[in-house]
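Here is what each chain is made of, one letter per residue.
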Amino acid sequence: MSDTFEPRIVVFACNWCSYAGADTAGVSRLPYSSQIRVIRTMCSGRVSTAHVLHAFQLGADGVLVSGCHFGDCHYISGNHWAVKQFDVTSKLLRTVGLEDDRIRLEWVSAAEGPQWAALIDEFVATIKKLGPSPLRDGTSDRAFAEQPVEVQEVTE
């Protein structure tokens, strides 16, 4: 892949752990790739297949969903629900021709700023190797960055 390819990556980060882990990385001035767009969600379990598909539809080359470690979820079992959602989403994405490595589910706590930075850099490198998403429709980087994203709560 060309060295000029700049991947567009959407990160859905749990408010209570992963987003706080990103904040810890920032406050600690840990360097990591700026090629991500973080969307704060109240829980990783609230990120639906529709949210991930919408990110790809808007031009994302990769999507990372990040939440609390098992046993630490603010909503008790939200991360267990996230695993179920992720499995469904992964299968669906395979049927539309996306590689498994374009979507990822990871657990990062508020105290894991260095792990957050390493995770982001590693995921960006993976997406760079894969190249642009086959679903990318030629939307400009600016249009992608300015597109409003709405995350709705999952209710059962």
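Before reading on, note that the structure itself is shown above.
Residues numbered from 1 in each chain as written. Predicted model: local features only at pLDDT ≥ 70, side-chain atom pairs only at ≥ 80, totals over all residues. Heavy atoms only, no water.

A. Region of interest: the pattern of salt bridges. Following the criterion strictly, the structure yields five salt bridges and no others. The shortest N-O distance in the salt bridge between Arg-136 and Asp-61 comes to 2.5 Å. Separated by 75 residues along the polypeptide, Arg-136 in the loop between helix 4 (113-130) and helix 5 (141-146) and Asp-61 in the loop between helix 2 (49-57) and strand 3 (62-67) bring together distant segments of the chain. Residue Arg-104 pairs with Glu-122 through a salt bridge whose shortest N-O separation is 2.3 Å. A residue pair is termed long-range when its members are at least 10 positions apart, and Arg-104 in strand 4 (residues 103-107) and Glu-122 in helix 4 qualify at 18 residues. Three or more residues joined by partner-sharing salt bridges are found here, namely Arg-104, Glu-106 and Glu-122. (Salt bridge = Lys/Arg side-chain N within 4 Å of Asp/Glu carboxyl O. Helix = DSSP H or I, 4+ residues; strand = E, 2+ residues; numbered from the N terminus.)

B. Local environment of the packing of aromatic side chains. Applying the stated criterion across every chain, the model contains two aromatic pairs. When the ring of Tyr-32 is compared with that of Trp-116, the centres are 6.5 Å apart and the planes differ by 85°; the resulting orientation is edge-to-face. Of this pair, Tyr-32 sits in the loop between helix 1 (18-27) and strand 2 (36-41) while Trp-116 sits in helix 4; the two residues are 84 residues apart in sequence, bridging distant segments of the chain. Relative to Trp-107, the ring of Phe-70 lies with its centre 5.0 Å away and its plane at 65°, an arrangement referred to as edge-to-face. (Phe/Tyr/Trp six-rings, centres within 6.5 Å; stacked < 30°, edge-to-face > 60°.)

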